[in-house]
Amino acid sequence: QVSLEEAPIQLLGIPVLGFIDLAHARGTNQGAQEFEDAFDPPNTGEVLDWKTSKSIRWLKTAREMSKTIQMTLYAKWMLKVLPRLEHVRVSHGYFITAGSDPPRKVSQRLLPEQVENQWEHVERVGRSIIDVIGETEAKNIPANREACGAFGGCPHRAYCTAGQENGLVKFF
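Quick summary incoming for the structure in this document. (Residues numbered from 1 in each chain as written. Predicted model: local features only at pLDDT ≥ 70, side-chain atom pairs only at ≥ 80, totals over all residues. Heavy atoms only, no water.)

## Looking at helix α2 (residues 69–81)
Then comes step 1: End to end, α2 covers 18 Å across 13 residues, agreeing with the expected 18 Å (1.5 Å per residue, within 8%).
Then comes step 2: Turning to α2, its buried residues number three or more, namely M71, T72, L73, Y74, A75, K76, M78 and L79.
Then comes step 3: Here the buried face of α2 lies against β3 (22–24), β4 (44–53), α1 (62–66), β5 (87–96) and α3 (112–132). (Helix = DSSP H or I, 4+ residues; strand = E, 2+ residues; numbered from the N terminus. Expected span 1.5 Å × (residues − 1). Buried < 20%, exposed > 50% of the residue type's maximum accessible area, 1.4 Å probe, protein only. Contact = heavy atoms within 4.5 Å.)

Here it is as structure tokens:
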């Protein structure tokens, strides 16, 4: 644990704090599906986050997982605290909570340039949050209509005009 002043990662001048489940630079990829992928090149670190899912159908692909804000932050942190790294492996360790599917690992090795490219997306998201943080009127906040039905549907849909517009679009 560190203080805000000591946080290695800052997003638009704001310290980012979090909790990484596992980080190492052993050069091994435990849980690799292919033998050739079991050993990483020298100077490779890994950050891994443990996940649970009711079904394997909800698991992210390696590409999807590696581009999430969470894993981009973790990769950025790894490169900051271990600047000698030439690769960062980002991984999800999934435990399936229903049925008999075994645990599985989804993993992607990234170059520092890839992490930096993804960091630009994280900064854009951060700027959009900062832009609306003081807004008191929901109508003045840009809607993300693609999320209206996510995770069982938005809890604000009963009064959200963006969600109502989204529902009407289906009829035209």
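Read on for the rest.
## Here we look at α3
Then comes step 1: Here α3 is 21 residues long and its end C-alpha atoms lie 31 Å apart, about the 30 Å a rise of 1.5 Å per residue gives.
Then comes step 2: Residues V115, Q118, W119, V122 and G126 constitute the buried set of α3. In an axial view of α3, the angular spread of the buried residues amounts to 120 degrees, which keeps them on one side of the axis. Exposed side of α3, more than 90 degrees from the buried face: E113, N117 and D131 are the residues found there.
Then comes step 3: Elements that come into contact with the buried residues of α3 comprise β1 (10–11), α1, α2 and β6 (104–110). (Arc of directions from axis to C-beta.)

## Side note on the environment of M78
Then comes step 1: In this fold, M78 is placed in helix α2.
Then comes step 2: For the pair M78 and V47, spaced 31 residues apart in the sequence, the C-alpha separation amounts to 7.4 Å.
Then comes step 3: Among all residues touching M78, those that are not within four sequence positions of it are A23, H24, G45, E46, V47, L85 and V88.

No statement about biological role is implied by the geometric values presented.
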